[in-house]
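Architecture and fold: a report
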There are 2 protein chains.
Amino acid sequence: MIIATTIQEVTDQINAWKAEGLTIGLCPTMGYLHEGHASLMDASVKRNDRTVASVFVNPIQFGPKEDLATYPRDFDHDCQLLEAHGVDMVFHPEPSEMYFDDFCTYVDMDVLSKTLCGKTRPIHFRGVCTVITKLLHIVRPDRIFFGQKDAQQLAIIRRMVRDLNFDVEVVGCPIVREADGLAKSSRNTYLSPEERKAAVILSRTIRLGQEICAGGERNAAALLEKMKENLASEPLADVEYVEVVDGLNMQPVEQFKEGDLVAMAVRIGSTRLIDNFTVGDPMIQVR
Amino acid sequence: MIIATTIQEVTDQINAWKAEGLTIGLCPTMGYLHEGHASLMDASVKRNDRTVASVFVNPIQFGPKEDLATYPRDFDHDCQLLEAHGVDMVFHPEPSEMYFDDFCTYVDMDVLSKTLCGKTRPIHFRGVCTVITKLLHIVRPDRIFFGQKDAQQLAIIRRMVRDLNFDVEVVGCPIVREADGLAKSSRNTYLSPEERKAAVILSRTIRLGQEICAGGERNAAALLEKMKENLASEPLADVEYVEVVDGLNMQPVEQFKEGDLVAMAVRIGSTRLIDNFTVGDPMIQVR
């Protein structure tokens, strides 16, 4: 596996692959990789001749009070996982390689980025759209892979690709979960043992929501009331939001339909966790 | 010459040219073409196997009180000029082809877009960066050509290309002027005969500024005082700004150097005209 730290190294390798007519998949990550990320790599390796992963904790998507400094990092472990999953090149730049001191161009989105996580993380999706634009230009992939766990991010990237005419296929991959249902996340490492147990309230509430939908409920307020009640049963859970939004534009809906998104952000202690399901998705397994 | 009105037509043709290994130049315009635009076409035809021009009055770069509705249009004449200058394809989309009703993704720039024209046209450069991003993705040119008349636009596009890692060479082309020195502009058509005569005050003041710089002046205040005095001699001229800014970041400077930009916006009647010179540029000819 090629380990590239400069944009030039990536460009040269991509040019060589393109000259051979090879297709390229890109899996952007912030590292500290888990089986969720691995599923993106597997999906890309299956559908492309070459797979590039990026491991970059993108500073411009973190707010001033967020966890940029403490975000977990383990590049050696990341490389082992990427190599084991057949990734051909990992791009692992320093922040200074991606952002000049006088960097001042941003890709920003209205509407979709203002709801859900965007309410408490006002610059987050601007940072995401900007870094993904840069990575798309550097790697020029045929397909780019994102996890459905960050459902709003995935919807925003799909919209960005449509609005700005990027020539790339956006592929969303299902949430990968722990045995008890907790969605895999690099931030799970922040949880104390007690918090880790409490954190299953998210996936249990997702499952409850799915069951209510399967029963025919299509009124958002009725669904959310029961989901909030369930979350309230866990004393360590501090709910930031639970909402039902249109699956394409991320705007709250009163009556929902298949394809719409039920999403939550919940703090367990000081750790902010997210989970979601799309109405009509297969029922998740929880213990 | 191919006339394409849909993104798909352009994409198909570009794919065919790329498959042949041909290089592509792009000249983005808002139409109502004059010799200034023609010089971009000539520069592109000289340096690329194929040249694409776009003719698109981009609604999102006009403010609510600006001249979007009245901006001059003459597509038949534009096509004659483009064909005569060897352009291979013109892209002339409807606004609805470029912007879905729920379009909401923008490329925005800090710093460079806040000075000069950005002060009175707060959304202008966001609209420019966004449409140029779209055109770069649609046409995927090797080189893109802009006139030096819109010097701030050119600096902004250069910065955008650098910051977002676009794989394209940005080529700036010198200002083309009327016999009396007035910079060619589609908006010159707005001028009454009397205003047209008065409008030469811009280029005469540019020439004066160049002469002062050639004499060794490097203090911005001293230069600007003399240029403003000259502009004030024309009763029909209403000065919006005359400034000296750093040639790269467009920020005002007190002492200037070769490569820095002296730029002005002046209203003649209700028509807003701009002109500029880069310190060290060849002296312009005026009558």
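Source: prediction; values computed, not measured.

About the thresholds
- Residues numbered from 1 in each chain as written.
- Chains lettered and ligands numbered in written order.
- Predicted model: local features only at pLDDT ≥ 70, side-chain atom pairs only at ≥ 80, totals over all residues.
- Heavy atoms only, no water.
- UniProt positions renumbered as here; feature names shortened; annotations may be inferred.
- Helix = DSSP H or I, 4+ residues; strand = E, 2+ residues; numbered from the N terminus.
- Buried < 20%, exposed > 50% of the residue type's maximum accessible area, 1.4 Å probe, protein only.
- Contact = heavy atoms within 4.5 Å.
- Polar contact = N/O pair within 3.5 Å; in protein donor to acceptor, adjacent residues only side chain to side chain.
- Salt bridge = Lys/Arg side-chain N within 4 Å of Asp/Glu carboxyl O.
- Phe/Tyr/Trp six-rings, centres within 6.5 Å; stacked < 30°, edge-to-face > 60°.
- Lys NZ or Arg CZ within 6 Å of the ring centre and 35° of its normal.

**Description of the UniProt feature "binding site: beta-alanine" (unreviewed entry) in chain A**
Residue and element names in this part refer to chain A. Under the feature "binding site: beta-alanine" (unreviewed entry), the UniProt entry names Q61. Inspection of the secondary structure assignment puts Q61 in the loop between β3 (50–55) and α3 (75–84). Here Q61 falls in the buried class, since its relative accessible area comes to 8%. Setting aside anything within four residues of it in sequence, one finds Q61 in contact with M30, E66, R121, H124, G127, V128 and V131. Within the structure, Q61 has its side chain in polar contact with the side chain of N58 (distance 2.8 Å).

**Some words on the pattern of salt bridges**
A complete count under the given rule lists 32 salt bridges over all chains for this structure. Between R47 of chain A and E169 of chain A there is a salt bridge, with its nearest N and O atoms 3.0 Å apart. One end of the pair, R47 of chain A, is in helix α2 (residues 35–47); the other, E169 of chain A, is in strand β7 (residues 169–173), with 122 residues separating them in the sequence. The exposure class of E169 of chain A is partly exposed, given its relative accessible area of 34%. In this structure, the salt-bridge partner of E35 of chain B is K184 of chain B, at a minimum N-O distance of 2.9 Å. Taken as a pair, E35 of chain B in helix α2 (residues 35–47) and K184 of chain B in the loop between β7 (169–173) and α8 (193–198) lie far apart in primary sequence, 149 residues in all. Relative accessible area serves as the criterion here: at 45%, E35 of chain B is assigned to the partly exposed category.

**Some thoughts on the packing of aromatic side chains**
All names here are of chain A. For the structure on display, the rule yields eight aromatic pairs over all chains. Consider the rings of F103 and Y106, whose centres lie 5.5 Å apart with planes at 85°: the pair is edge-to-face. We note that F103, like Y106, is buried. Joined through ring pairs, the aromatic side chains of F56, Y99, F103 and Y106 make up one cluster. The positively charged end of R126 is found above the aromatic ring belonging to Y106, 3.8 Å away from the centroid.

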